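Listed here are the chains, written in short residue letters.
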Protein chains: 2
Amino acid sequence: MRETTHHPAADAVHPITATVLATLSGCTDTRLKEIMTALVKHVHAFAEEVQLTGDEWRRGIEFLTQTGKKCDGIRQEFILLSDTLGLSIMLDAIHRRDDVTETAATENSLLGPFYREGAHEEAFGANIARTEGEPALFRGRLVDEAGQPVPNALIEVWETANNGMYEGQDPDQPESNLRGKFRTGPDGEYAFRSIKPTPYPIPTDGPVGQMLLALGRHPMRPAHVHFLIQAPGYDTLTTALFSADDPYVESDAVFGVKPSLVVDYVRNGSAADAKAWDLPNPFFDVQRDFVLARSQGAAR
Amino acid sequence: MRETTHHPAADAVHPITATVLATLSGCTDTRLKEIMTALVKHVHAFAEEVQLTGDEWRRGIEFLTQTGKKCDGIRQEFILLSDTLGLSIMLDAIHRRDDVTETAATENSLLGPFYREGAHEEAFGANIARTEGEPALFRGRLVDEAGQPVPNALIEVWETANNGMYEGQDPDQPESNLRGKFRTGPDGEYAFRSIKPTPYPIPTDGPVGQMLLALGRHPMRPAHVHFLIQAPGYDTLTTALFSADDPYVESDAVFGVKPSLVVDYVRNGSAADAKAWDLPNPFFDVQRDFVLARSQGAAR
């Protein structure tokens, strides 16, 4: 666990900063006051550090304005900005560090903007691919931190089709393509058939896409399958499995990859397995267990 | 002149911050790279310092989104945010410190969002008040830093009517009410008649107004008259004169007041002056000179 960095010199603020901070003295919401005090200090220190000019800030204001205007019921460009600047994963790290250090629980990753509620519950081993791709079997067990099975939990999965789009983004995909819910069995076991995922770009037709271009950064996310795992008495786990052989696995545009979440797509050439799972020979076989943490305050 | 604060400890960044900064290595725009490096460091350090939660940041994202959506051709809510957080005046201070330290030139203030181009040029001493108010005479000289007159310069002025609105905001005000351009005479002299300004709130019907309310801050600007002064060979001066007796002169919502820009509205009881200027007796008499700085690189 890393200590919070403290900057003693940061208390020596510019006189204008001190004037602005003094206006917060009447704020009765102590948490809001704490947040705004730090925000004002950092915004002012940033401006002074880079000697930001009026013209540069006008471009910044135009960027923020266009980012707001790009948002609608489906698209959230400020989340994209937060993701691409690493702030979203930073909050995840800060929060996670607080309540589960030294845990065996599976690490989490970003939920992302493409999660859709209302997925169908499918039978053990069902195939959720309704479009083409390289067939893959995902299987393993859901256990607690002591290694005991967690039966009857819900494992929800979603991934993009080969065209790099989620079903919810793409009117040409069949309903419920590449997403579904699976219930773990008595020994915590789960299995589903799908396809090996492909890398895809985050939306680049807005201000954040222009920013990445100006910064010389690519917009790609490495191929991954999302998992949202819920069981009574356990912390909900939002995570994803990333493909080890993906060209972008070391450079995710939104910094969601953690080494423990990178998996191999192993080529399984067993004729018996192919027949048992009704898959071509060979197929990709991803064997992966997940570990849930008990909720704080839950009975043990 | 104040030294730029440097925080050696700020180089010890969080591992996630270091990962994000590494993605900027391909940015060929060195200034953009410098700005974004500092921005990412400060945004991450802010989040860590206050241990920002996901829920709090979702509220922040919603605030930024609504701020963007509030912007249109007339209203610029992000400028209002920048003004109320003291960033606009901070940039002014940073920039001004760079090129004119130890100067005799009149200090500047914020242009504000209500400047309109195309004001009429009026005769020396003309009255620009077409709505009611307490009559005031503004007069003085425009000089350079050596005290020599600057003739034939353009002094543009604008202020709110007694209802707290600028002509451009208020369809009920006559065209060109309380704004106009004046040309300085051979000895740098200027004069115009108008009214004593009144304090007014910045727009409070958007996210920034809600923010001020939550922070326990009032939205008022102290009464002021804007001045935009232009002459060939001199730096353009954007400034304002604030009323010394205003209840908000020490707590301007956008931090635009500088002590040197606060003026007294002196009651002038001279019957001769009242007659000469065609004003009631008494009237407010504001006598104030302005000092322009020569443009860098201009002939001396």
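The residue numbering used here restarts from 1 in each chain and proceeds along that chain's sequence as written. Following the order in which they are written, the chains are lettered starting with A and the ligands numbered starting with 1. Residues qualify for local features only when their pLDDT is at least 70, as the model is predicted, and side-chain atom pairs are given and counted only at 80 or more; totals for whole chains, interfaces and linings, by contrast, use all residues. Derived side-chain values reflect all non-hydrogen atoms in the structure, with water molecules and hydrogen atoms excluded from consideration.

## A closer look at the pairing of strand β2 (residues 135-144) of chain B
Residues and elements named next belong to chain B. Working definition: with a 1.4 Å probe on protein chains only, accessible area under 20% of the residue-type maximum means buried, over 50% means exposed, and in between means partly exposed. In DSSP terms, a helix is any run of H or I states spanning at least four residues, a strand is any run of E spanning at least two, and both are numbered starting from the N terminus. Of all the 10 residues making up β2, eight are buried; the element is thus mostly covered by neighbouring parts of the structure. Sheet topology places β2 next to strand β5 (residues 189-195); seven bridges connect them, and they run antiparallel. Looking at the pairing, R141 lines up with E189 of β5. In this analysis, strands are considered paired if DSSP registers two or more bridges between them. One ladder, built from four bridges, connects β2 with strand β12 (residues 283-287); its direction is parallel. Bridging across to β12, R139 finds its partner in Q287. In this structure, β2 lies alongside strand β13 (residues 290-292), joined through three bridges in parallel fashion.

## Quick word on the interface of chain A and chain B
Throughout, a residue-residue contact means that at least one pair of heavy atoms, one from each residue, lies within 4.5 Å. If you look at the interface, chain A gives 69 residues, while chain B gives 69 residues. Simply put, the buried area is the total loss of 1.4 Å probe accessible area from both parts when two parts are fitted together. Around 6,300 Å² of area is buried between chain A and chain B when both sides are counted, 67% of it from carbon and sulfur atoms. Between Lys or Arg on one side and Asp or Glu on the other, a salt bridge is scored when a side-chain nitrogen of the former is within 4 Å of a carboxyl oxygen of the latter. Where chain A packs against chain B, one counts two salt bridges. Close ionic contact of R31 of chain B with E56 of chain A constitutes a salt bridge, the shortest N to O distance being 2.7 Å. In protein, a polar contact means a hydrogen-donor-capable atom and an acceptor-capable atom, both N or O and within 3.5 Å, with residues adjacent in sequence counting only if both atoms are side-chain atoms; elsewhere, any N or O pair within 3.5 Å suffices. Put simply, chain A and chain B have 19 residue pairs in polar contact (both at pLDDT 80 or more) between them. Looking at the side of chain A that touches chain B element by element, the count peaks at 17 residues for helix α2 (residues 30-50) of chain A.

## Structural notes on the environment of N163 of chain A
All names here are of chain A. Inspection of the secondary structure assignment puts N163 in the loop between β3 (154-158) and β4 (179-183). With 31 residues separating them along the chain, N163 and S194 place their C-alpha atoms 15 Å apart. Excluding residues within four positions of it along the chain, N163 makes contact with D170 and Q173. From its side chain, N163 meets the backbone nitrogen of M165 in a polar contact 2.9 Å long.

## Brief notes about the side chain of N177 of chain A
Residues and elements named next belong to chain A. Mapped onto the elements, N177 comes out in the loop between β3 and β4. In this structure N177 comes out as buried when scored by relative accessible area, which is 1%. If we ignore the near neighbours within four places in the chain, the residues touching N177 are I128, A129, R130, T131, A161 and E167.

## Points about helix α4 (residues 77-84) of chain A
All names here are of chain A. Across the eight residues of α4, seven count as buried, placing the element largely inside the fold. Among the residues of α4, E77, F78, L80, L81, S82, D83 and T84 are the ones counted as buried. The opening residue of α4, the one whose side-chain oxygen lies 2.9 Å from the backbone nitrogen of F78, is Q76. Remark: G86 follows α4 within two positions and exhibits a positive phi of approximately 75 degrees.

Any functional reading would require information that these geometric values do not contain.
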